[in-house]
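Structural features, examined
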Amino acid sequence: MYPSNFEYYRPSNLNEALELLANGECRPIAGGQSLVPLMKLRIVAPKCLVDLGRIESLRTIAIEGDVLKVGAMVTHEEIVESQIIEEFSPVLALTAESIGDLQVRNRGTIGGSLAHADPSANYLPTLLALEAEVVVVSPLARRVVPMADFVKGPYTTDLRQGELLEAVMIPRYRGRGIVEKFAIRKADFAIGLVTMLYKVIEGKLDDLRLAVGALATGPVRLRKVEEKLRGGELNPKAAEDVLKEEVALLQPVDDIHGGAEYRRRVIFTLVKRMLEGLARGRDNEGQ
Ligand code: FAD
């Protein structure tokens, strides 16, 4: 199917893009991996598209003090391959690595993924666990939104009309991270997503962050499990009841790919295995 007719603009700087978007008739396009299918199905029919592909300032990956700044137009594959990200936040590279297939990763962008806010998007739990912030710009202002407040629900974010997502700011996490994506085939959207960040010092869990994705509510931290285990020996059994309770309260996506109850079981199993793996691991110490 073909999309409805639209005008197409390709500005070379952010101000020009914001001006074009100000009237509310245009829509930004990044990698087009989510927007173009929606246009072809005529679920959306924007009068014009503002292609962000030529705006160099949105393509940068940089470290500013103890924060990693990833521009909105950085592609998933650039995140996988970036030396800076590998050193600063390897868990972000692991997250991008399991997005779709190479074609999708080559075109799709971190900004497009966050703005689209598919509930099963890989970045959501990882950025929540990393306590990242999203930088949003409009012709009048620039504001910073904590990841915890950015996703409001499926395909719904804190972005207002005329605003652009400019970058994602990720504070340094001095620990390790593991990402689990459960899907029927590797390139499919996730049925269950969990990101675990942890720090082990002298056999004790100095820090633990667990964030879950593929939820109808936006990503969620398993705060009670974190609290139960933080500061103690690596003993997953100690948190099993709390994990059960906390998972029972989650509201996973409920669709043809997996019902909510099934997805709860998937999440429970993923977290349990991750914690058991952590307890078994010999090489957990350090950063
Ligand atoms: P676009 O499609 O260009 O835009 C998406 C939306 O965001 C549009 O509404 C657009 O107006 C808006 N937008 C884009 N950039 C900005 C900006 N800077 N500011 C404000 N609004 C903006 N994702 C996963 O996470 N995991 C997967 O396993 C996965 N599998 C996939 C498999 C396939 C076959 C496909 C086609 C996609 C898959 N995706 C997956 C989605 C993929 O990650 C997309 O790249 C992403 O959802 C959208 O990014 P994009 O750059 O293509 O954005």
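To keep things clear, this report deals only with the structure shown in the data block. (Residues numbered from 1 in each chain as written. Predicted model: local features only at pLDDT ≥ 70, side-chain atom pairs only at ≥ 80, totals over all residues.)

Neighbouring the ligand are 30 residues; Gly31, Gln33, Gly100, Gly108 and Gly112 lie closest to it. Breaking the shell around the ligand down by element, the ones donating at least two residues are strand E2 (26–29), helix H6 (102–107), helix H7 (110–116) and strand E10 (164–171). Among the elements that line the shell around the ligand, the one with the most residues is H7, at five residues. Of the residues that make up the shell around the ligand, three or more belong to each of domain 1 (7–53) and domain 2 (56–171). (Near = placed C-beta within 6 Å. Helix = DSSP H or I, 4+ residues; strand = E, 2+ residues; numbered from the N terminus. Domains from an automatic or database assignment.)

As a further point, take the nonpolar core. Ranked by size, the top nonpolar core spans 79 residues in total, and within it Leu114 and Val168 carry the most contacts. Those residues in contact with Val168 that sit more than four places away from it in its chain are Val70, Ile110, Leu114, Leu127, Ala132 and Val134. (Core = buried A, V, L, I, M, F, W, Y, C linked by C-beta atoms within 7 Å. Buried ≥ 20, exposed ≤ 12 C-beta atoms within 10 Å, placed from the backbone. Contact = placed C-beta atoms within 7 Å.)

Here we take up the sheet that holds E10. Read from one edge to the other, the open sheet built from five strands follows the order E4-E5-E10-E6-E7, with strand pairing classed as antiparallel. The sheet is open, and its two borders are formed by strand E4 (61–64) and strand E7 (142–146), each paired with just one other strand. The mean inter-strand angle of the sheet, taken between neighbouring strand axes irrespective of direction, is 25°. (Pairing = 2+ DSSP bridges. Axes fitted to C-alpha atoms, helices over the stretch in contact; angles between N-to-C directions.)

For the rest of this paragraph, the subject is helix H11 (residues 240–248). All buried positions along H11 are accounted for by Leu243, Glu246 and Val247. With its buried residues spanning 95° around the axis, H11 presents them on a single face. The exposed set on the far side of H11, more than 90 degrees from its buried face, consists of Asp241, Glu245 and Ala248. Elements that come into contact with the buried residues of H11 comprise helix H10 (223–229) and helix H12 (260–280). (Arc of directions from axis to C-beta.)

It is a general feature of regular strands that their side chains alternate between the two faces of the sheet. The buried count for strand E13 (residues 204–213) comes to seven of 10 residues, which makes it a mostly enclosed element. Where strand E12 (residues 192–201) lies against E13, eight bridges are found, and the strand directions are antiparallel. Within E13, the position partnered with Leu193 by the bridge is Gly213. In textbook terms, the turn of a hairpin is the stretch between consecutive antiparallel strands, and for E12 and E13 this stretch comprises two residues, one of which, Glu202, has a positive phi near 50°. Where E13 meets strand E14 (residues 220–221), two bridges bridge the pair, whose relative direction is antiparallel. Paired with Ala211 across the bridge in E14 is Arg221.

Phi angles above zero are rare outside glycine, and Arg42 is one such case at about 60°. Here Arg42 is to be found in the loop between helix H2 (35–40) and strand E3 (48–51). Classification of Arg42 as exposed rests on a count of 11 C-beta atoms within 10 Å. We note that Ala214 has phi near 60°; this positive angle belongs to a residue other than glycine.

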